[in-house]
Every structure is written in C-alpha cells, then in structure tokens.
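The primary structure of each chain is shown beneath.
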Amino acid sequence: MKNTTVEKKFKTPIIIVSVVIPLAVVLLFSIRLKDFGINVEPLTFLPPIYAAINGITALLLILGVLAIKNGNRVLHNKLMTSAIACSLVFLLMYVAYHMTTEATKFGGEGAIKYVYFFLLITHIALSVTIIPLVLFTYVRALSGDFDRHKKLARITFPLWLYVAVTGVIVYLMIAPYYV
C-alpha cells in the first residue's frame, strides 16, 4: 500500500498540471507577441523541428516498449523519460511558434480535408487526455507500483503513440500551406 501513497502525493499536482497546460496553451495560442509591442521574427523554422520531435517521441515510445518486453527496465526508464522530455520540448516550441506566427490554414479540398481535420481534432483531443495518463503512469513506475503501472501503460502507450504519430502526419499535411 505504500506505493499508492506516492501516487496520492502526486495526484493533485498531476491534476493541476493536466488542467493548466491545455488552458495555458489555448491562452498562449491566442496571444501574438507583436500585439504587445514585442518585435520578434516569426519562428517559422520551428514546425519541421517540432514535427521531428514528435517522430522521435514515437520512436522512443516504441523502443521503450521493446526494452521492457526484453526485460531491460533501466533502458525502458531512460527511453520513457526521454519521451516525456521530448514532449515537453515539443510543447515549448509549439507555443513559441504560435506566439510569433499567424495560424496557417489547411488548403486541401475534398476528402483529404476531412481526413486532415479528423486527424487534427483527434490529435488535439488526445494530446490533452494523454497528459494525466503519462504523468500517472510515470509516477506509478517511479513509486515501484509496477502492476498498476503496467495496467495504465497499456492504455497510455497506444494513445501517446497516436498523438506523436498524428503530430507528424498533421505537419506533413499542412506543410505545403506554410507561408
């Protein structure tokens, strides 16, 4: 039962972070630094970088699962911690880009437009959902509660992988429309 004590200790901070991050992103997404007299060049070079980081995150997740299936807990921990770090770097770059650059509209027409918006909407919705899942999964591992960690990881992994992969796909679909 001591393992659940660690999770209880982190429950409130995880819930707060899981609410604050999406709210902050929405708020920061609507703020342009130039509107406040801060003249910065648009960070137009960031989208391919943060898309690549999403791709690296997906690779780290797959390698992390393979590591644990092969019994390498130390490597698994390093890979999953790296995936979390990549997700954080992605988030910072994503917000920085949108605070300095006008939104890009998808220009595709027909069926591809519906595919794009389906991927985008599910990507965004799951990127919000994945925050507490990742954090609780990670805390359970850190606390040594591996049975509960494994149960939650079976849900977290495919959702997080979907978010990472669709991040790359959404970028590739909208990249031709960047100015």
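Let me sum up the structure you'll find in this document.

Parameters at a glance
Residues numbered from 1 in each chain as written. Predicted model: local features only at pLDDT ≥ 70, side-chain atom pairs only at ≥ 80, totals over all residues. Heavy atoms only, no water. Axes fitted to C-alpha atoms, helices over the stretch in contact; angles between N-to-C directions. Helix = DSSP H or I, 4+ residues; strand = E, 2+ residues; numbered from the N terminus. Parallel < 35°, antiparallel > 145°, perpendicular 65-115°, else oblique. Left-handed = near helix turned anticlockwise from the far one by under 90°. Expected span 1.5 Å × (residues − 1). Buried < 20%, exposed > 50% of the residue type's maximum accessible area, 1.4 Å probe, protein only. Bend = angle between axes of the 7 residues up to and from the residue.

### Observations concerning the packing of helix H2 (residues 46–69) against helix H3 (residues 73–100)
Logical step 1: Two numbers describe how H2 lies on H3: the axes approach to 8 Å, and their chain directions differ by 165°. The angle between the axes of H2 and H3 places the two elements in the roughly antiparallel class. Regarding H2 and H3, the two cross each other, and that crossing is left-handed.

### A closer look at H3
Logical step 1: The end-to-end C-alpha distance of H3 is 41 Å, a good match for the 40 Å that 28 residues give at a rise of 1.5 Å each.
Logical step 2: Among all positions in H3, only His-76, Leu-79, Met-80, Ala-83, Cys-86, Phe-90, Met-93, Val-95, Tyr-97, His-98, Met-99 and Thr-100 are buried.

### Observations regarding helix H4 (residues 111–142)
Since there are 3.6 residues in each turn of an α-helix, residues three or four apart along the chain are aligned in direction.
Logical step 1: With 32 residues, H4 should cover 46 Å at 1.5 Å per step; its first-to-last C-alpha distance of 45 Å lies within 8% of that length.
Logical step 2: For H4, the principal kink sits at Ile-130 and spans about 35°; a proline, Pro-132, occurs within the next four residues.
Logical step 3: Gly-144 sits one or two positions beyond H4 and adopts a positive phi of about 85°.

Note that all results are geometric; they support no functional claim without further evidence.
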